[in-house]
Amino acid sequence: MDEEARARPRNEHGQYVDRIPLDRVLAVFEAREDRARPLTASDVMEALDCSRRTAHNKLNELEARGDLATRKVGARSRVWWVPMTGGASESSTTASETAEEDAVAVSEDPDSVPDRRPAVSNAIADADLPGSGPMLDARREALSAAYEYLADHPEAKKADFLRDVYHDYPAGFESAEGWWNAIQPALKQLPGVDPPEERGHIWHFLGG
């Protein structure tokens, strides 16, 4: 782990403290040369140099409080834009149409596939993970993070999960090996996951 990662503050659960305020996310939209062009989670992720999960969380928060609007476009993409009010209804319609057109060319965003969410959420809820109560919830969150990581990195090794997921979502495990021994059997059962046939080989994400 690099020095910057070590210096990041953690909360009482050992997770990194969020350092990206919502105003910074809105600033990404304000910085567009074309104010009618919607943005994807990837656009925000690149502008803020954050994870896809963080970008989605921030965008969803802004949508919930009414600062952004969103819609699914195409088969597997979602875009966000700043809603226009009052007499700008015609412009708002144009922005919505532009969103749909732009999204056709946008790279697929696994985290934004609504059709897959229920199946994944149900599989995570039913996963055989140790613990109960808040500890079980934390381990389900860790499993979800591992799944999202694989969706973002369709070819990943065990070491990648331990380096990039475990430290953010330790879920009460004192060692990375203990964490992996609990998470990887459940990860194998999630939709679209193609586990390696042998230890140490590459995990693949098939999507869908």
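Data block above holds the structure.
Owing to the predicted nature of the structure, the values given are computational and were not obtained by experimental measurement. (Residues numbered from 1 in each chain as written. Predicted model: local features only at pLDDT ≥ 70, side-chain atom pairs only at ≥ 80, totals over all residues. Heavy atoms only, no water.)

Undergrad: Tell me what's going on with helix α8 (residues 158-166), and back it up with residues and numbers.
TA: Considered for burial, the residues of α8 that qualify are Asp160, Phe161, Leu162, Val165 and Tyr166. Its buried side turned inward, α8 meets α7 (133-152), β3 (155-156), α9 (176-187) and β5 (203-205). (Buried < 20%, exposed > 50% of the residue type's maximum accessible area, 1.4 Å probe, protein only. Helix = DSSP H or I, 4+ residues; strand = E, 2+ residues; numbered from the N terminus. Contact = heavy atoms within 4.5 Å.)

Undergrad: Help me get a handle on the pattern of salt bridges, residues and values and all.
TA: For the structure shown, the criterion picks out 9 salt bridges. The partner of Asp67 in a salt bridge is Arg65, and the shortest N-O contact between them spans 2.1 Å. Given the relative accessible area of 26%, Asp67 is considered partly exposed. Its salt-bridge partner being Arg163, residue Asp160 comes within 3.3 Å of it at the nearest N-O pair. With Asp160 and Arg163 both in helix α8, this residue pair falls 3 residues apart, about one helical turn. For Asp160, a relative accessible area of 17% translates into the label buried. Judged by relative accessible area, Arg163 falls into the partly exposed class, the value being 46%. Within the structure, one salt-bridge network assembled from shared partners comprises Arg53, Glu141 and Glu148. (Salt bridge = Lys/Arg side-chain N within 4 Å of Asp/Glu carboxyl O.)

Undergrad: Lay out the nonpolar core in plain terms, naming residues and giving numbers.
TA: Ranked by internal contacts, the top residues of the largest apolar core, which has 31 residues, are Leu143, Phe161, Val165, Trp179 and Leu187. Secondary-structure elements contributing two or more residues to this core are α6 (117-126), α7, α8, α9 and β5. With 9 residues, the top contributor of residues to this core is α7. Setting aside anything within four residues of it in sequence, one finds Leu187 in contact with Leu143, Ala146, Tyr147, Phe161, Val193 and Trp203. One finds Leu26, Val28, Leu62 and Trp80 within the second-largest nonpolar core, a separate group that totals 17 residues. (Core = buried A, V, L, I, M, F, W, Y, C linked by side-chain atoms within 4.5 Å.)

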